[in-house]
Amino acid sequence: MKLSEQKLKELMKNKLHQAGLSEDHADGVADVLVHADLRGVHSHGAMRVEYYAERIAKGGINTNPQFSFEKTGPSTALFDGDNGAGHVAAKEAMDEAINMAKKSGIGVVGVKRISHSGSLSYFVQQASEENLIGLSVCQSDPMVVPFGGAEAYYGTNPIAFSAPGEEEDFITFDMATTVQAWGKILHARSKNEAIPEDWAVDENGEATTNPFDVKALMPIAGPKGYGLMMMVDILSGVLLGVPFGNNVSSMYHDLSEGRNLGQLHIVINPSYFTDLTTFKQNISQTMKDLNAVKPAPGFDHVSYPGQRSIERAKRYKENGIEIVDEIYEYLVGDAVHFNNYDHKDPFAK
Ligand code: NAI
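Residues numbered from 1 in each chain as written. Predicted model: local features only at pLDDT ≥ 70, side-chain atom pairs only at ≥ 80, totals over all residues. Heavy atoms only, no water.

- In the nomenclature of an unreviewed UniProt entry, the protein is known as Ureidoglycolate dehydrogenase of Lentibacillus kapialis.
- Here the protein is described in UniProt, under the heading Sequence similarities (unreviewed entry), as follows: "Belongs to the LDH2/MDH2 oxidoreductase family." (UniProt positions renumbered as here; feature names shortened; annotations may be inferred.)

Next up, the structure:
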């Protein structure tokens, strides 16, 4: 099923509003979700609506949160999301970081007590749309082994970065610190296919190629990815005084409880370091240089990070966004949710 960006956003907004979010917050969440689908990050788009709707309906996302913003220094602040919609809180907190970076060269905002905020590229691009550099990291539920460990400790703790080039182009790099998302394991299960041996481990902490034996995911690049996910957890958890490590709340454990997650936005104003026009020209030059690198066998060209998403978004804006039929049926149907997620074991066979 192909839907226009506007239609998809409207359907998602309606469902989230039906579940209990205010119209304003439903619109804010749907905006981040449709951004993900447009970039081809379908794992963080429309497929999440039913989960959010169930959590909203069961009270685990505050439908009337009192956001608070406390400046703690010339360029630092804490934003309390009161366990409301994470997408909306993270977006408002990024606006505050942008304001500070415009005035003082840098803005660092710790966002605490939020629910899942989706695809981080949305927030860092808020900064690059204002000619600033955006960096954002956040916590996610524990499902990854630390290097050498036999049980999960960290989440898939993502890191996102965006810098502005000329003519409204951005370089946007946005990744989970795991080799693969959990969704890819589910996909392999549905096809009864083996997975590569560097994706995940079984109950003994040993690498497995059987998607049904998976008990935890592996960090990217062994100890290096493990170090990065630790850094993310310290910056967005320990630093902000919210639960950290394997105390981070699970996505599915109890949908009636707020998740108390943390996220950190850092915004840097390039004009405090160099000439802005030259900076933007050099970001565009970086894109051109990367595209001009000789491709390796099996590749027809080298893309800069985020380029394929930009191209996909252009295609989707023209031709519509491809949405799985069942998700469309759910979005246009009457049910708020089907009780599919509460207390679900993500690793159950
Ligand atoms: P991914 O593996 O699809 O892409 C990672 C990065 O690599 C992207 O910047 C992409 O542009 C770049 N890339 C991919 N293929 C490329 C190629 N051929 N050439 C050049 N660059 C290329 O992303 P991943 O790790 O699956 O993350 C997906 C999303 O999940 C992200 O938006 C992330 O923020 C989100 N996420 C959110 C979490 C949360 O709790 N809020 C937790 C984990 C992930």
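Describing the sheet that holds strand 7 (residues 170-175)
(1) Moving on: Read from one edge of the open sheet, seven strands run 2-3-4-10-5-6-7, paired in mixed fashion. Whereas interior strands pair on both sides, the edge strands pair on one side only; in this sheet they are strand 2 (68-73) and strand 7. Taken pair by pair, the neighbouring strands of this sheet meet at an average axis angle of 15°, ignoring direction.
(2) Moving on: Here strand 6 (residues 159-164) pairs with strand 7 via six bridges, running antiparallel. Looking at the pairing, Ile-159 lines up with Met-175 of strand 7.
(3) Moving on: Strand contacts of helix 8 (residues 276-292): strand 5 (133-138), strand 6 and strand 7, with the helix running at about 115° to strand 6, the strand carrying the most contacts. (Pairing = 2+ DSSP bridges. Helix = DSSP H or I, 4+ residues; strand = E, 2+ residues; numbered from the N terminus. Axes fitted to C-alpha atoms, helices over the stretch in contact; angles between N-to-C directions. Contact = heavy atoms within 4.5 Å.)

Topic: the site of the ligand
(1) Moving on: Neighbouring residues of the ligand: 20 residues in total, closest Gly-118, Ser-119, Asp-174, Ala-176 and Gly-306.
(2) Moving on: Measuring from an oxygen atom of the ligand, one finds a backbone N or O atom of Ala-176 at 2.8 Å.
(3) Moving on: Summarising the interface, the protein chains cover 73% of the accessible area of the ligand, which totals 860 Å² for the free molecule.
(4) Moving on: At four residues, strand 7 tops the list of elements feeding residues into the shell around the ligand.
(5) Moving on: In the shell around the ligand, the residues fall into eight nonpolar, ten polar and two charged. (Near = heavy atom within 4 Å. Polar contact = N/O pair within 3.5 Å; in protein donor to acceptor, adjacent residues only side chain to side chain. Areas by Shrake-Rupley, 256 points an atom, 1.4 Å probe, with all protein chains shown as cover. Nonpolar A, V, L, I, M, F, W, Y, C, P; charged D, E, K, R; others polar.)

Some remarks on helix 8
(1) Moving on: With 17 residues, helix 8 should cover 24 Å at 1.5 Å per step; its first-to-last C-alpha distance of 24 Å lies within 8% of that length.
(2) Moving on: For helix 8, the full list of buried residues reads Phe-279, Lys-280, Ile-283, Ser-284 and Met-287. Here the buried residues of helix 8 occupy an arc of 135° about the axis, which is enough to place them on one side. The exposed set on the far side of helix 8, more than 90 degrees from its buried face, consists of Lys-288 and Ala-292. (Expected span 1.5 Å × (residues − 1). Buried < 20%, exposed > 50% of the residue type's maximum accessible area, 1.4 Å probe, protein only. Arc of directions from axis to C-beta.)

Topic: the environment of Ser-128
(1) Moving on: Counting through the fold element by element, Ser-128 comes out in helix 5 (residues 121-128).
(2) Moving on: Since its relative accessible area comes to 2%, Ser-128 is described here as buried.
(3) Moving on: Among all residues touching Ser-128, those that are not within four sequence positions of it are Ser-162, Ala-163, Pro-164 and Phe-170.

Considering a negative patch on the surface
(1) Moving on: Taken together, the side chains of Glu-129, Glu-167, Glu-168 and Asp-169 present a region of like negative charge at the surface.
(2) Moving on: In this fold, Glu-167 is placed in the loop between strand 6 and strand 7. (Patch = residues over 30% accessible without salt bridge, like charges linked within 9 Å, V, L, I, M, F, W, Y side chains within 5 Å. Salt bridge = Lys/Arg side-chain N within 4 Å of Asp/Glu carboxyl O. Lys, Arg positive; Asp, Glu negative; His and termini not counted. Charge placed at Lys NZ, Arg CZ, Asp CG, Glu CD.)

A few points about unusual backbone geometry
(1) Moving on: Even without a glycine there, the phi angle at Glu-168 is positive, about 60°.
(2) Moving on: Here Glu-168 lies in the loop between strand 6 and strand 7.
(3) Moving on: Residue Ala-221 is not a glycine yet carries a positive backbone phi of 50°.
(4) Moving on: Tracing the backbone shows Ala-221 in the loop between strand 9 (216-217) and helix 7 (223-236).

Section: the pattern of salt bridges
(1) Moving on: Applying the stated criterion across every chain, the model contains twelve salt bridges.
(2) Moving on: With a shortest N-O distance of 3.1 Å, Asp-80 and Arg-113 are connected by a salt bridge. Highlighted residues: Asp-80 in strand 3 (residues 76-80) and Arg-113 in strand 4 (residues 106-114), separated in sequence by 33 residues.
(3) Moving on: Assessed through its relative accessible area of 16%, Asp-80 is described here as buried.

Section: the side chain of Thr-172
(1) Moving on: Mapped onto the elements, Thr-172 comes out in strand 7.
(2) Moving on: Only 2.9 Å separates the side chain of Thr-172 from the side chain of Gln-125, close enough to count as a polar contact.
(3) Moving on: At a separation of 3.0 Å, a polar atom in the side chain of Thr-172 contacts the side chain of Ser-162.
(4) Moving on: Residue contacts for Thr-172: discarding those within four places in its chain leaves Arg-39, Ser-121, Val-124, Gln-125, Phe-161, Ser-162, Pro-305 and Gly-306.

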